[in-house]
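Coordinates in review
Here is how the chains run, residue by residue.
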Amino acid sequence: MKKLILAIVLIGSTLVNAQDRYSSGMEKAFELWQNQKTTEASNLFERIATAEPDKWLPYYYVSQINTVISFGEKDEEKLSKQLEKAKEFLDVAKAISPDNPEILIQEALINTAWIAFDGVTYGMTLSQENVQLYQKALEIAPDNPRVILSKAEWDMGSARYFGKDVTPYCKDVERALELFATFKSETPFYPTWGKERAEEVLKSCGK
């Protein structure tokens, strides 16, 4: 009996230590990212992902960093490597956590980075794909502020492209802002971005 209790205690201790390593690693990666050390942050998230293959968030953040730094990138070879890596890691995240609205938004952002780089080549096919991704995310999580904001921004961009009024989408941005005040997740390190962006969009809304 003593051996059994000891074994249970040791297993519990190992799990706690592993969780502590995960938490401290994630916190360090976010700190690097906040300090503009994007390569180091991405590499650390990648190492955490390798060590924690059942957790979707480290994979998601590798994808997100490589997508964010791709906007404005002029070097096609560099852009391709970053976005291919973003897609590769996001595909793993999607396999771990299917039908996840945060992952669907991230997939649409990868497409948007390609469109921003070369709208003629990628605009037609990836734009239609984004419409489907945002619609699916909205069906899964109609009260997720990032879903509402991201879809509204996409709809605004499409409206501007076709010379239409963006004002109808301002109410969606307002709703996203309201939801940011109350949205919570029990999952540690769950995405929290978007509130500041929603405030920026709302300021210029309808202009």
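Below you will find a few notes about this structure. Owing to the predicted nature of the structure, the values given are computational and were not obtained by experimental measurement.

Rules of the game
- Residues numbered from 1 in each chain as written.
- Predicted model: local features only at pLDDT ≥ 70, side-chain atom pairs only at ≥ 80, totals over all residues.
- Heavy atoms only, no water.
- Helix = DSSP H or I, 4+ residues; strand = E, 2+ residues; numbered from the N terminus.
- Buried < 20%, exposed > 50% of the residue type's maximum accessible area, 1.4 Å probe, protein only.
- Contact = heavy atoms within 4.5 Å.
- Areas by Shrake-Rupley, 256 points an atom, 1.4 Å probe, with all protein chains shown as cover.
- Disulfide = S-S within 2.5 Å.
- Salt bridge = Lys/Arg side-chain N within 4 Å of Asp/Glu carboxyl O.
- Bend = angle between axes of the 7 residues up to and from the residue.
- Polar contact = N/O pair within 3.5 Å; in protein donor to acceptor, adjacent residues only side chain to side chain.

**Observations concerning the overall build of the chain**
In terms of helices and strands, the chain carries nine helices and zero strands. Secondary structure elements of the chain occur, N-terminal to C-terminal, as α-α-α-α-α-α-α-α-α. For the chain, the proportion of its 207 residues judged to be buried stands at 41%. Put simply, 61% of the contacts in the chain that link residues at least 6 apart link residues at least 24 apart. Element-wise, carbon and sulfur atoms account for 56% of the exposed surface of the chain, whose accessible area totals about 12200 Å².

**A word on the environment of Phe30**
Summarising the element assignment, Phe30 is placed in helix 1 (residues 2–34). A sequence separation of twelve residues divides Phe30 from Ser42, and the C-alpha atoms of the two residues are 9.5 Å apart. The contact partners of Phe30, leaving out residues within four places of it in the chain, are Phe45, Tyr61 and Phe189.

**Overview of the environment of Leu104**
By secondary structure assignment, the location of Leu104 is in helix 5 (residues 101–117). Judged by its relative accessible area of 6%, Leu104 falls in the buried class. Those residues in contact with Leu104 that lie beyond four places of it in its chain are Leu133, Lys136, Ala137 and Ile140.

**Observations concerning the state of the cysteines**
Under the definition given, this model contains one disulfide. Note that Cys170 is cross-linked by a disulfide to Cys205, the S-S spacing being 2.0 Å. Here the disulfide of Cys170 and Cys205 is left-handed, its torsion about the S-S bond being about -110°. Of the two residues, Cys170 sits in helix 8 (residues 170–180) while Cys205 sits in the segment after helix 9 (195–203), which places them 35 residues apart along the sequence. Exposure class is identical for Cys170 and Cys205. Each is buried.

**Thoughts on the environment of Ala95**
The residue Ala95 is located in helix 4 (residues 76–96) in this model. Between the alpha carbons of Ala95 and Asp54 there is a distance of 9.7 Å; along the sequence they are 41 residues apart.

**Some words on the pattern of salt bridges**
Side chains that differ in sign of charge can pair as their charged atoms come close. The full count for this structure, using the stated rule, is twelve salt bridges. For Lys136, the salt bridge is made with Asp99, and the minimal N-O distance between the two is 3.0 Å. Taken together, the residues span a long stretch of sequence, with Lys136 in helix 6 (residues 119–140) and Asp99 in the loop between helix 4 and helix 5 at a distance of 37 residues. Take Lys136: its relative accessible area is 37%, and that puts it in the partly exposed class. In this structure, Lys151 engages Asp155 in a salt bridge whose closest nitrogen and oxygen atoms are separated by 3.0 Å. Residue Lys151 and its partner Asp155 are located together in helix 7 (residues 145–161), separated by four residues, close to a single helical turn. Its relative accessible area of 19% is what places Lys151 among the buried residues. Overall, Asp155 belongs to the buried group, its relative accessible area being 17%. One network of salt bridges, in which partners are shared, links Glu153, Arg197 and Glu200.

**Describing helix 6**
Where helix 6 bends most, the angle comes to about 35°, and this point is Thr125. Within helix 6 the residues assigned to the buried category are Gly123, Leu126, Asn130, Leu133, Tyr134 and Ala137. On its buried face, helix 6 sits against helix 5 and helix 7. Capping the start of helix 6, Asp118 holds a side-chain oxygen 3.3 Å from the backbone nitrogen of Val120, two or three residues further along.

The values are spatial; any link to function lies outside them.
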